[in-house]
Amino acid sequence: MGLLDLLIASSIPVLKVLLITAIGSYLALDHVDVLGEEARKHVNNVVFYVFNPALVSSNLAETIIYDSMKKMWFMPFNILITFVIGSLLGWFVVQFTRPPSHLHGLIVGCCAAGKHSLHGPFPGAGNLGNMFLIMIPAICKEKGSPFGSPDICETCGLGYVSLSMAIGAVYLWSYVFNIVRASSFPSVKQFDKIHVDESSIETPKSELGSCKEPLLASENQADRYALRSSASDEMVVRSGLKQKIAVVFGNINWKSLFAPSTIGAIVGFVIGVIPLTRKLMVGNDAPLRVIQDSASLLGDGAIPTLNLIMGANLLKGLRGSGIQKSVIFGIIVARYIALPLIGIFIVKGALRFGFIPQDPLYQFILLLQFAVPPAMNMGTITQLFGAGETECSVIILWAYALASISLTLWSTFFMWLVA
């Protein structure tokens, strides 16, 4: 397959995404008002609670078996690596650009969280999967695709993407959520400083005068005081550790972590891995195949609907302003240049050491996870904390405007690399 053929095969899915996104943006215009804020909210709920879980569960049930799970064990680590390295790159962007402190979490989150995550029930949410869900089937159907039979490629590819969506949701709502939360409120150090300042007020002279204890304690008294002091210090350390653990786990958004699509992924795993349920529901001869077919039919509505909503949400970025250009430039460089280059070394290294199989489609998706734009769910997270909503819309707009070029070029190079 020549370079020009690869470029065409990779550009067609991106153009499809752009076309559907443009229609969504048009429908959200004030004078059209088909996908206004209220309409998007209701359609978001339908996608979040019905379409996405059906899509994820049906694809995983068809694709996931015990042998395929052994093959895909590296994917959770690969996505985790994208989050960790993206966070480091985001920290460098913060150090170089010096933005306001309440935007630190937003910048780190945009660099860390690619579109691996699941769609949320808010007007401003989105997911990594929606772009993959269009790109992978379209690439599989292109003539001369390096991934073999179109039907097998599409089924396996959607299974990989569904797993990626479920894992990305867990990382987004447990890791990035807390990063943004931490930068949206006063730091613990500031709180401690205030606490110390308040507690360091001088003791009134009347209290000093009423003190009848000797100023110098005897040796026995000193020993007793030392023992009490060490015991109290131990208790303070233990209680402080418990409080920190409680704060971390107490602030995790468990409802979003176990979103309907995540539950759908769990159901798909159970159906696919357990032989009895698989025989009952998956396949042409399965007695309960009507359930699986109905889920697949519902899931087919997710792809176009997601992209229409994504286009409508991007209009927010056109109306927003007030963020440094250097911040946008830094995020673009981190996500579209630095992260994909690092991803090539990681995936190729994993292949060399035998961590991943010689499957071109699987390698392609692992590589593509390093090159996707920031997760649109960042808009949802900033909306929850009321910090950086406008700036997030501007970042997302520029990131997705340039994603058409970036994804096309990186997809072409990745297909050449794994072919």
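Caption draft 1: Structural context of the overall build of the chain. For the chain, the helix and strand inventory stands at 20 helices and zero strands. Counting the 419 residues in the chain, one finds 49% classified as buried. Looking at the chain alone, contacts between residues at least 24 apart form 84% of all its contacts between residues at least 6 apart. Of the roughly 21200 Å² of accessible surface on the chain, a fraction of 67% belongs to carbon and sulfur atoms.

Caption draft 2: Here's a closer look at the state of the cysteines. Across all of its chains, the model carries one disulfide by this definition. Cys-140 shares a disulfide with Cys-153; S-S distance 1.8 Å. An S-S torsion of about -60 degrees defines the bridge between Cys-140 and Cys-153 as left-handed. Pair noted here: Cys-140 is in helix 6 (residues 128–141) and Cys-153 is in helix 7 (residues 150–184), with a separation of 13 residues, a long-range link. Using a relative accessible area of 1% as the deciding quantity, one classes Cys-140 as buried. With relative accessibility at 2%, the residue Cys-153 sits in the buried group. Of the cysteine sulfurs around Cys-156, a residue in no disulfide, the closest is that of Cys-153, at 7.8 Å.

Caption draft 3: Structural view of a nonpolar patch on the surface. A surface patch of nonpolar side chains, amounting to about 670 Å² of accessible area, comprises Ile-266, Val-270, Ile-274, Leu-276, Leu-280, Leu-288, Val-290 and Ile-291. Elements supplying a minimum of two residues to the nonpolar patch: helix 12 (260–273), helix 13 (275–281) and helix 14 (289–299). In this structure, Leu-280 sits in helix 13.

Caption draft 4: Here's a closer look at the packing of aromatic side chains. A full pass over the atoms with the stated rule returns twelve aromatic pairs. For the pair Trp-73 and Phe-77, a centre-to-centre distance of 5.8 Å together with 75 degrees between the ring planes defines the contact as edge-to-face. Of the residues examined, Phe-77 reaches a relative accessible area of 45% and is grouped as partly exposed. Residues Trp-91 and Phe-92 carry aromatic rings whose centres are separated by 5.2 Å and whose planes lie at 65 degrees to one another, so their mutual orientation is edge-to-face. Among the aromatic side chains, those forming a connected cluster through ring pairs are Trp-73, Phe-74, Phe-77, Phe-353 and Phe-355.

Caption draft 5: Focus on the packing of helix 5 (residues 104–112) against helix 7. Two elements in contact, helix 5 and helix 7, have axes separated by 7 Å at closest approach and are oriented at 160 degrees. One finds that helix 5 runs roughly antiparallel with respect to helix 7. Note on packing geometry: the crossing formed by helix 5 with helix 7 is right-handed. Within the contact between the two elements, helix 5 uses His-104, Gly-105, Leu-106, Val-108, Gly-109 and Ala-112 and helix 7 uses Val-176, Ile-179, Val-180 and Ser-183. Looking at side-chain class alone, the contact of helix 5 with helix 7 contains six nonpolar, four polar and no charged residues.

Caption draft 6: Broad picture of the environment of Ile-179. With respect to the secondary-structure elements, Ile-179 resides in helix 7. Between the alpha carbons of Ile-179 and Gly-109 there is a distance of 7.1 Å; along the sequence they are 70 residues apart. Contact partners of Ile-179, with chain neighbours within four places excluded, come to Ser-87, Gly-105 and Val-108.

Caption draft 7: Region of interest: the nonpolar core. Among the nonpolar cores identified, the biggest contains 84 residues, and Val-176, Phe-364, Ile-365, Met-378 and Ile-381 are the most heavily contacted of them. Those residues in contact with Ile-381, other than ones at most four positions away along the chain, are Leu-172, Trp-173, Val-176, Phe-177 and Val-180. In this structure, Val-47, Phe-51, Leu-55 and Ile-309 belong to the second largest nonpolar core, which totals six residues.

Caption draft 8: The arrangement of the environment of Thr-277 in detail. With respect to the helices and strands, the residue Thr-277 is situated in helix 13. On the accessibility criterion, Thr-277 (22% relative accessible area) is partly exposed. Along the chain, Thr-277 and Leu-288 lie eleven residues apart, while their C-alpha atoms are 9.4 Å from each other. What Thr-277 contacts, discounting residues up to four positions off in sequence, is Val-270, Ile-271 and Val-282.

Caption draft 9: Inspection of the environment of Met-165 at higher detail. Note on placement: Met-165 falls in helix 7. With relative accessibility at 0%, the residue Met-165 sits in the buried group. Measuring from C-alpha to C-alpha, the distance between Met-165 and Val-56 comes to 8.2 Å, with 109 residues separating the pair along the chain.

Caption draft 10: Just helix 15 (residues 302–313), in detail. The terminal C-alpha atoms of helix 15, which comprises twelve residues, lie 16 Å apart, in line with the 16 Å expected from a rise of 1.5 Å per residue. In terms of residue burial, helix 15 counts as a mostly covered element, since nine of its twelve residues are buried.

Caption draft 11: Expanded view of unusual backbone geometry. With phi around 55 degrees, Asp-33 is a residue other than glycine that occupies positive phi space. Looking at where Asp-33 falls in the secondary structure, it is placed in the loop between helix 1 (3–27) and helix 2 (37–63). According to the relative accessible area criterion, Asp-33 is exposed, its value standing at 51%. Although it is not a glycine, Arg-98 sits at a positive phi angle of roughly 55 degrees. Of note, Arg-98 is situated in the loop between helix 4 (74–97) and helix 5. By relative accessible area, Arg-98 is classed as exposed at 62%.

Caption draft 12: Molecular detail of helix 18 (residues 360–368). Summarising burial for helix 18: eight of the nine residues are buried, a large majority. Those residues of helix 18 lying buried are Leu-361, Tyr-362, Gln-363, Phe-364, Ile-365, Leu-366, Leu-367 and Leu-368. The N-cap of helix 18, judged by a side-chain oxygen 3.2 Å from the amide nitrogen of Leu-361 a few residues on, is Asp-359.

Cut-off values and rules
Residues numbered from 1 in each chain as written. Predicted model: local features only at pLDDT ≥ 70, side-chain atom pairs only at ≥ 80, totals over all residues. Heavy atoms only, no water. Helix = DSSP H or I, 4+ residues; strand = E, 2+ residues; numbered from the N terminus. Buried < 20%, exposed > 50% of the residue type's maximum accessible area, 1.4 Å probe, protein only. Contact = heavy atoms within 4.5 Å. Areas by Shrake-Rupley, 256 points an atom, 1.4 Å probe, with all protein chains shown as cover. Disulfide = S-S within 2.5 Å. Patch = residues over 30% accessible without salt bridge, like charges linked within 9 Å, V, L, I, M, F, W, Y side chains within 5 Å. Salt bridge = Lys/Arg side-chain N within 4 Å of Asp/Glu carboxyl O. Phe/Tyr/Trp six-rings, centres within 6.5 Å; stacked < 30°, edge-to-face > 60°. Axes fitted to C-alpha atoms, helices over the stretch in contact; angles between N-to-C directions. Parallel < 35°, antiparallel > 145°, perpendicular 65-115°, else oblique. Left-handed = near helix turned anticlockwise from the far one by under 90°. Nonpolar A, V, L, I, M, F, W, Y, C, P; charged D, E, K, R; others polar. Core = buried A, V, L, I, M, F, W, Y, C linked by side-chain atoms within 4.5 Å. Expected span 1.5 Å × (residues − 1). Polar contact = N/O pair within 3.5 Å; in protein donor to acceptor, adjacent residues only side chain to side chain.

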